[in-house]
Amino acid sequence: MIIGVPKEIKNHEYRVGMVPASVRELVHNGHNVIVEKNAGIGIGFSDEDYRSVGASIGESAAVIFEKADMIVKVKEPQAV
């Protein structure tokens, strides 16, 4: 399964749907995880932190929503 993690777009929302440890577990169990570029910056995780546990980095939310079978977010999807 391809799991997508987009950035949150709500004002002052810094959380992200998955931290690197969660991504590592999913990858270890055979899933592909795509995290939007800079999604974890607000909580201190870099794109490299996600790459190092097996995630790929998507350039935009559009890429994430297009490719993923499942989306993991903190807040409900919001209009851009």
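Residues numbered from 1 in each chain as written. Predicted model: local features only at pLDDT ≥ 70, side-chain atom pairs only at ≥ 80, totals over all residues. Heavy atoms only, no water.

Draft legend 1. Structural detail: the overall build of the chain. Helices and strands together make up the secondary structure of the chain, namely 3 helices and 4 strands. Beginning at the N terminus, the succession of helices and strands in the chain can be written as β-α-β-α-β-α-β. By its C-alpha atoms, the chain is 35 × 25 × 20 Å across when sized along the principal axes. Partitioning the contacts of the chain with sequence separation of at least 6, the portion at a separation of at least 24 is 70%. Of the roughly 4800 Å² of accessible surface on the chain, a fraction of 51% belongs to carbon and sulfur atoms. Each charge class in the chain can be summarised by its mean position, and for the 9 positive and 11 negative side chains these summaries are 4 Å apart. (Helix = DSSP H or I, 4+ residues; strand = E, 2+ residues; numbered from the N terminus. Contact = heavy atoms within 4.5 Å. Areas by Shrake-Rupley, 256 points an atom, 1.4 Å probe, with all protein chains shown as cover. Lys, Arg positive; Asp, Glu negative; His and termini not counted. Charge placed at Lys NZ, Arg CZ, Asp CG, Glu CD.)

Draft legend 2. Looking closely at the packing of aromatic side chains. Per the counting criterion, the structure on display carries 1 aromatic pair. Consider the rings of Phe45 and Tyr50, whose centres lie 6.3 Å apart with planes at 70°: the pair is edge-to-face. Take Phe45: its relative accessible area is 27%, and that puts it in the partly exposed class. (Phe/Tyr/Trp six-rings, centres within 6.5 Å; stacked < 30°, edge-to-face > 60°. Buried < 20%, exposed > 50% of the residue type's maximum accessible area, 1.4 Å probe, protein only.)

Draft legend 3. Representation of the environment of Phe45. Turning to its location among the elements, Phe45 is positioned in the loop between β2 (32–36) and α2 (47–51). Not counting residues up to four positions away in its chain, the partners in contact with Phe45 are Val19, Pro20, Gly40 and Tyr50.

Draft legend 4. Representation of the side chain of Glu13 in the model. For Glu13, the position within the fold is in the loop between β1 (2–5) and α1 (20–28). Residues in contact with Glu13, not counting those within four places in the same chain, are Glu8, Val74 and Lys75.

Draft legend 5. A look at the pattern of salt bridges. Tallying each qualifying case throughout the model produces 4 salt bridges. For Glu8, the salt bridge goes to Lys73, with nearest N and O atoms at 2.8 Å. One end of the pair, Glu8, is in the loop between β1 and α1; the other, Lys73, is in the segment after β4 (70–71), and 65 residues separate them in sequence. A residue is classified by how much of its surface remains accessible, and Glu8, at 11% relative accessible area, is buried. The shortest N-O distance in the salt bridge between Lys37 and Glu59 comes to 3.8 Å. (Salt bridge = Lys/Arg side-chain N within 4 Å of Asp/Glu carboxyl O.)

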